[in-house]
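The lines below spell out each chain.
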Amino acid sequence: MSVLGQYLFNGLMLGVIYAMVAVGFTLFFGVLDVIKFSHGDTLMVGAFAGLAASIGLLMLHIESPLIQLVAVVLCAVGVTALLGAGIAKFLILPLRRAPPLNTLLATLMLGTVMRECVRLFYPDGSNPKPFPALLPTASIELGSLSLRLDNLMLLGAGIAIIAGVHLLITRTRFGMAIRAVAQDGETARLMGINFEAVVLLTFALGSAMAALAGVMNGLYYNEINFNVGLLLGVIGFAAAILGGLGNIYGAILGGFLFAALQVLGSALLPALVPDIPSAYKDVFAFAAVIVLMAWKPTGLIAEPSSERV
């Protein structure tokens, strides 16, 4: 039971991170029908910005974990929100009338540029970086199951962030503006909604969520590297497609489902085929996603669509 409980907890922790990344893809696709393939690398930039903030505070002899944590989060969110808004302003919106393939290719190349800039210009950026442990590391014993307090805090924070974004979109005027632009941008303009401002703020929000996911990933594994956004970006996009691209509930479901497939693969593969290590869990998860996508091409929760005539 303790092993089963540990697998379950690991799946929940990974699911929260994947869901946060997938929600960003869904927000971008919802407002402009674009796939922003630099999203994973935006996550990586946020994680490195947070790490730089922590190193800067240590150079100033400020060693309080709480102050460092606040600085890491604020720096990561601030940098990536500005980066996301800038990408929308100077890359996505100018290509709005271009074929979708142009936007996809441009964001894919931008992600490569961001990744290589960190690798080349961040001090020793090509090697993994230790991420500071800023949360309590005490353990909570639940029978034979031992759970670390920092992981529980990360899980609770991730769920709170997802719930907060959901409430923002469904219960506020800004969320209503996002939904109006997602449904019909031209009509939203005629109703007095500032289309460009909504787009920029939406890209800032999605990028900030990616930064928080990157910081959570760093705190969970105590390490980041310049390639961290590449895999998380692909997983987040796969989760968004699996759940139903454009549907926030589908993105959340897809994130947790992908994490469940990974955990299932890490548990089953060594048991069924001893020669296959648990490191092949990603192969198992992606193969299962391919099968599910062939079964439900529109995603598990398909976004209703209509065509104006």
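Just above, that's the structure.
Residues numbered from 1 in each chain as written. Predicted model: local features only at pLDDT ≥ 70, side-chain atom pairs only at ≥ 80, totals over all residues. Heavy atoms only, no water.

Chemist: Before we move on, can you summarise the pattern of salt bridges with the specific residues and values?
Modeler: All told, the structure shown has seven salt bridges when counted by the stated rule. Note that Glu116 and Arg119 form a salt bridge whose closest N and O atoms lie 2.7 Å from each other. Remark: Arg119 and Glu116 occur in helix α4 (residues 100-121); sequence separation between them is three residues, near one turn of the helix. Under the relative-accessibility criterion, Glu116 is labelled partly exposed at 27%. The shortest N-O distance in the salt bridge between Lys129 and Asp124 comes to 3.7 Å. (Salt bridge = Lys/Arg side-chain N within 4 Å of Asp/Glu carboxyl O. Helix = DSSP H or I, 4+ residues; strand = E, 2+ residues; numbered from the N terminus. Buried < 20%, exposed > 50% of the residue type's maximum accessible area, 1.4 Å probe, protein only.)

Chemist: How would you explain the packing of helix α5 (residues 149-171) against helix α6 (residues 173-183) if you had to name every residue and give the values?
Modeler: Look at α5 against α6: their axes get within 5 Å of each other, and the N-to-C directions meet at 75°. Here α5 lies roughly perpendicular to α6, going by the angle between them. Contacts between α5 and α6 involve Leu168, Ile169 and Thr170 on the former and, on the latter, Phe174, Gly175, Met176 and Arg179. In terms of residue class, the contact of α5 with α6 is built from four nonpolar, two polar and one charged. (Axes fitted to C-alpha atoms, helices over the stretch in contact; angles between N-to-C directions. Parallel < 35°, antiparallel > 145°, perpendicular 65-115°, else oblique. Contact = heavy atoms within 4.5 Å. Nonpolar A, V, L, I, M, F, W, Y, C, P; charged D, E, K, R; others polar.)

Chemist: Describe the packing of aromatic side chains, naming the residues involved and giving the relevant values.
Modeler: Per the counting criterion, the structure on display carries seven aromatic pairs. Centroid distance Tyr18 to Phe258: 5.9 Å. Interplanar angle 85°. Geometry classified as edge-to-face. Taken as a pair, Tyr18 in helix α1 (residues 2-32) and Phe258 in helix α10 (residues 248-272) lie far apart in primary sequence, 240 residues in all. Using a relative accessible area of 0% as the deciding quantity, one classes Phe258 as buried. Centroid distance Tyr220 to Tyr221: 4.9 Å. Interplanar angle 75°. Geometry classified as edge-to-face. Here a set of aromatic residues connected by ring pairs shows up, and it is made of Tyr18, Phe258 and Phe286. (Phe/Tyr/Trp six-rings, centres within 6.5 Å; stacked < 30°, edge-to-face > 60°.)

Chemist: Pulling in residues and values, what's your account of helix α11 (residues 281-295)?
Modeler: Helical geometry: 3.6 residues make up each α-helical turn, so side chains three or four residues apart lie on a common side. Over its 15 residues, α11 runs 21 Å from end to end, which matches the ideal 21 Å to within 8%, given 1.5 Å per residue. Of the positions making up α11, those classed as buried are Asp282, Ala285, Ala288 and Val289. All buried residues of α11 fall inside an arc of 130° around its axis, so they share one side. Residues Val283, Ile290, Val291, Ala294 and Trp295 are exposed on α11 and point more than 90 degrees away from its buried face. (Expected span 1.5 Å × (residues − 1). Arc of directions from axis to C-beta.)

Chemist: Account for the environment of Lys296, naming residues and giving values.
Modeler: With respect to the secondary-structure elements, Lys296 resides in the segment after α11. With relative accessibility at 32%, the residue Lys296 sits in the partly exposed group.

Chemist: How would you summarise the environment of Leu91 if you had to cite specific residues and measurements?
Modeler: Mapped onto the secondary structure, Leu91 falls in helix α3 (residues 65-92). Leu91 sits twelve residues away from Thr103 along the chain, and the two C-alpha atoms are 8.0 Å apart. Not counting chain neighbours up to four residues away, the residues in contact with Leu91 comprise Gly86, Ala106, Thr107 and Leu110.

Chemist: Tell me what's going on with unusual backbone geometry, and back it up with residues and numbers.
Modeler: If you check the backbone angles, Asp33 has positive phi at about 55° while not being a glycine. Here Asp33 lies in the loop between α1 and α2 (39-59). Look at Asn222: it is not a glycine, yet its phi comes out positive at around 60°.

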